2 protein chains.
Amino acid sequence: MFNKRTKIKDLLVQEPTGQEVTVMGWVRSFRNNQFMAVNDGSTNNNVQVVLELGKLDDETLKRITSSASVKVTGKAIASLGKGQKMDLVADTLEILGDSDPMKYPLQLKNKPTLEYLREIAHLRFRTNTFGAVFRVRHALAFAIHKFFNDKGFVYLHTPIITASDAEGAGEMFRVSTLPLDNPPKNDDGSINFREDFFGKTTNLTVSGQLEGELGATAFGEIYTFGPTFRAENSNTARHLAEFWMIEPEVAFNDLEDNANLAEEFIKYLIRYAMENNRDDLDFLAQRLAEEEKQLPQDKRSEMGLIEKLEFVMNNDFERVTYTEAIDILLQSPAYKKKKFAYEVKWGIDMQSEHERYLVEKHFKKPVIVTNYPAAIKAFYMRSNDDANPELGRGPTVAAMDILAPGIGEIVGGSQREERYDRLLERMSEMHIPAEELWWYLDTRRFGTVPHAGFGLGFERMVLFVTGMTNIRDVIAFPRTPGSAEF
Amino acid sequence: MFNKRTKIKDLLVQEPTGQEVTVMGWVRSFRNNQFMAVNDGSTNNNVQVVLELGKLDDETLKRITSSASVKVTGKAIASLGKGQKMDLVADTLEILGDSDPMKYPLQLKNKPTLEYLREIAHLRFRTNTFGAVFRVRHALAFAIHKFFNDKGFVYLHTPIITASDAEGAGEMFRVSTLPLDNPPKNDDGSINFREDFFGKTTNLTVSGQLEGELGATAFGEIYTFGPTFRAENSNTARHLAEFWMIEPEVAFNDLEDNANLAEEFIKYLIRYAMENNRDDLDFLAQRLAEEEKQLPQDKRSEMGLIEKLEFVMNNDFERVTYTEAIDILLQSPAYKKKKFAYEVKWGIDMQSEHERYLVEKHFKKPVIVTNYPAAIKAFYMRSNDDANPELGRGPTVAAMDILAPGIGEIVGGSQREERYDRLLERMSEMHIPAEELWWYLDTRRFGTVPHAGFGLGFERMVLFVTGMTNIRDVIAFPRTPGSAEF
């Protein structure tokens, strides 16, 4: 047994009474040949190790460099220095691993940019910013499981490799074991996918929802939390080719139940992080404030990060229908001054400039928009039967999107069409092959129930809570067009 | 708001005092036009709904069929019947969704086989067996997150799509957006993967370990819990092409720390299920006992499911070195009677007949086997420098496998080679390209630390705890050669 250490997070909350402790970690800084800041990743706070002057030979002192790993045994005493309560006065120091300062690519003194840190994503966890981001990400992931577990939801692992491409949520990645340079062919020259691993074409999932509905119509309440994929050539700060999504699906819920669940869920996650990771959030709030100092006044956030999280946690989300949202846009000064680049009229798929206006300028809080035009939404959403051609309005479906300040769409969901005939009709209109989805249709044939669900993009939620601005900075090893490093 | 119901699990623990409640669920059985067993998936226990004779018309009575969905409001009163505490005397009954008994493919009366239920995996959650299995699976998943969260581990989402195929843990699935029927080619006729989505060849991950080590050498302690893939043509009751794996990785742990963590972890999971899902486990124990009645006496388990779980929870795992394990095999009556099909000598990769002998016949408990021959283990395992050619023994590495009764290998892990030069040497011997793993090698160049980790196959753990015997019955929608349904 080697690992008999005290974690720095646990040590720093102890009263320093001269107790002997061993810490292991990585050197963050070393000054005056005497004061060594050591971090072990359990917290952004370092423990200050004090070395007795003259006790260590020059050879050893030279090896105390940034990111060298050390094992220190010593006594915890009250610190005379400012900014910390405790010093660890070293009795013994062992260097576990050297770190050549001429070669180490992460010199914290030089304030590396976030862009540079993406290139060394294997080392960026060792910075305060990414330490905080990934501890908060962890806390949010745990809070998700705790939220649903406490409510009695069943965590369902829906398949990653899928032969179904019926949902049409986006471009898909093909999964295959056929040789690209010489695939087996049919007599007519087409590829013979019967020879592929699964005996047919398969892709990476874009959503676990359809399979989630199979679970919900047996267990009542399920959720998924797994990776999903989009083979879209989107090189933006908000898109990833591989990202994690949470998809609860609840039997007996209608659209209002669904919106209530989503709002409660988002507030719960924020509260959990505020209660369990306040140190990290304070650090990230400061980071964001400093980053925004570089921006012109009118581009800065109106609220600091902590203030924003408290505001969202403590206020009701705004709820409007799509029709109301369009009316608000049409009556806005922005519209009248022709500030929108894209057209505004009933029936459009709102652009992010429209969503941002609603959330950031008009309501200044998260907004749940419901009842979108059927024509712009997926086949499985429940019809509202409310077309009003005189007003230029087609039928709507019981969809909902939640829009968050600074992020845009963070949740998309709907009540599902549980009526077999209506669902078949809509599939036929939208050219979704019913025979491929026989299993999905079965839930409507045998004891169908009203039900609803939504998807929360996990990385977007982490962006929102950490105040980071590029989605590549909140997932460990981002996958984007042209990039699959590490 | 539609969903104002009491869950049956919560209802059944209430004292029946005539309180009015609404339940929603699916009909499991209906007899004498009066007694309706309703299940909502929150538990295997049904609530008995009592209908007043003559109150409902024949048309409605006919619609009360297996798996029809209903909403019942009524009063909870003490039951006069045997086997239940409570009856729900219906005031109103609404049929939410019909289920035509002539078409419904899941007739519980006929005792469908597990094989048949795999073909209707979209409906099998509605049986008692799969209800219990997937609630236990959920409980184990939650327990995994709770175990690590309580210890301060960071949950790391390692990438699913990876350009690295260096680990060599098994055959991989290719992920691509290139058209199979006309892929772009280089001048020499080879496929031009620079045109692929990520600008190079990419595959589905076989393990998150290497990336996990990047996290552990910053946060100290991380774990992964995500899907992993093997494109192997193994049509057995223990293999899946897509399965979930848990991989903790801990800085400062040596092999003994690693074994201690794994043993504590497995016991924690079993205890959690026993404390939180006893109803489901009791049901599964009975199912297993009945299944085993079909077997000849000598093929039946020595212990019942509950007994087995208690035994594993309350007893130390056996710990032996590989060398000791081989000696035990060589001295066994089975070996002397030539009962093993495969050769036994120092250096072999033990076959499942050998593992089963050790676990089921010799020790009769889980066994942690350590220090395997380097020649049969992966490049990243730490060298022990202990070759003994006179005894016919080559060098070993600090590997460990945990073998469980009835399952075989459930955990594989090791202390990692943290010495840069030794690691490079071993990679070169094993033809692992160092330039592709520059980022992995960096952890050994900059503040390297002793560290260790392991992988637990989630489905094998679920098999072990539920007493199911085919791995396809413990994952919602199994992916196996030739099959990617639902």
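This structure is a prediction, so every number in the text was calculated from the model and none was measured. (Residues numbered from 1 in each chain as written. Chains lettered and ligands numbered in written order. Predicted model: local features only at pLDDT ≥ 70, side-chain atom pairs only at ≥ 80, totals over all residues. Heavy atoms only, no water.)

### A look at the pairing of strand β15 (residues 408-415) of chain B
All names here are of chain B.
Piece 1. Summarising burial for β15: six of the eight residues are buried, a large majority.
Piece 2. Pairing of strand β14 (residues 396-404) with β15 involves six bridges; the strand directions are antiparallel. Within the sheet, the bridge partner assigned to Met400 lies in β15 and is Gly413.
Piece 3. From the end of β14 to the start of β15, which pair antiparallel, there are three residues, and Gly406 there has a positive phi angle of about 80°.
Piece 4. Judged from the five bridges that link them, β15 and strand β16 (residues 451-457) form a sheet pairing that is antiparallel. Following the sheet pairing, Val411 is matched in β16 by Leu456. (Buried < 20%, exposed > 50% of the residue type's maximum accessible area, 1.4 Å probe, protein only. Helix = DSSP H or I, 4+ residues; strand = E, 2+ residues; numbered from the N terminus. Pairing = 2+ DSSP bridges.)

### Overview of the interface of chain B and chain A
Piece 1. In this assembly, 121 residues from chain B lie in contact with 121 residues from chain A.
Piece 2. Each partner contributes to the roughly 9,500 Å² buried at the junction of chain B and chain A, and carbon and sulfur atoms together form 64% of this total.
Piece 3. At the junction of chain B and chain A, the tally comes to five salt bridges.
Piece 4. A salt bridge links A:Lys7 to B:Glu221, with the shortest nitrogen-to-oxygen separation between them at 2.4 Å.
Piece 5. Scanning the region where chain B abuts chain A turns up 57 residue pairs in polar contact (both at pLDDT 80 or more).
Piece 6. The dominant element in the side of chain B that touches chain A, judged by the number of residues it contributes, is helix α4 (residues 128-151) of chain B, at 12 residues.
Piece 7. The class makeup of the residues in the side of chain B that touches chain A is 60 nonpolar, 34 polar and 27 charged.
Piece 8. Two elements, strand β8 (residues 174-176) of chain A and strand β8 (residues 174-176) of chain B, share three bridges in a ladder whose sense is antiparallel. Along β8(B), the bridge assignment pairs A:Ser176 with B:Arg174. (Contact = heavy atoms within 4.5 Å. Buried area = accessible area lost by both parts, 1.4 Å probe. Salt bridge = Lys/Arg side-chain N within 4 Å of Asp/Glu carboxyl O. Polar contact = N/O pair within 3.5 Å; in protein donor to acceptor, adjacent residues only side chain to side chain. Nonpolar A, V, L, I, M, F, W, Y, C, P; charged D, E, K, R; others polar.)

### Looking at the domain arrangement of chain A
All names here are of chain A.
Piece 1. According to the domain assignment, chain A consists of domain 1 (8-104) and domain 2 (126-171 + 206-473).
Piece 2. Relative placement of domain 1 and domain 2: their C-alpha centres are 45 Å apart.
Piece 3. Residue-level contacts link nine residues of domain 1 with nine residues of domain 2.
Piece 4. Connecting domain 1 to domain 2 are zero salt bridges.
Piece 5. At the boundary of domain 1 with domain 2, the tally comes to seven residue pairs in polar contact (both at pLDDT 80 or more).
Piece 6. Of the residues in the side of domain 1 that touches domain 2, the class split is two nonpolar, six polar and one charged. (Domains from an automatic or database assignment.)

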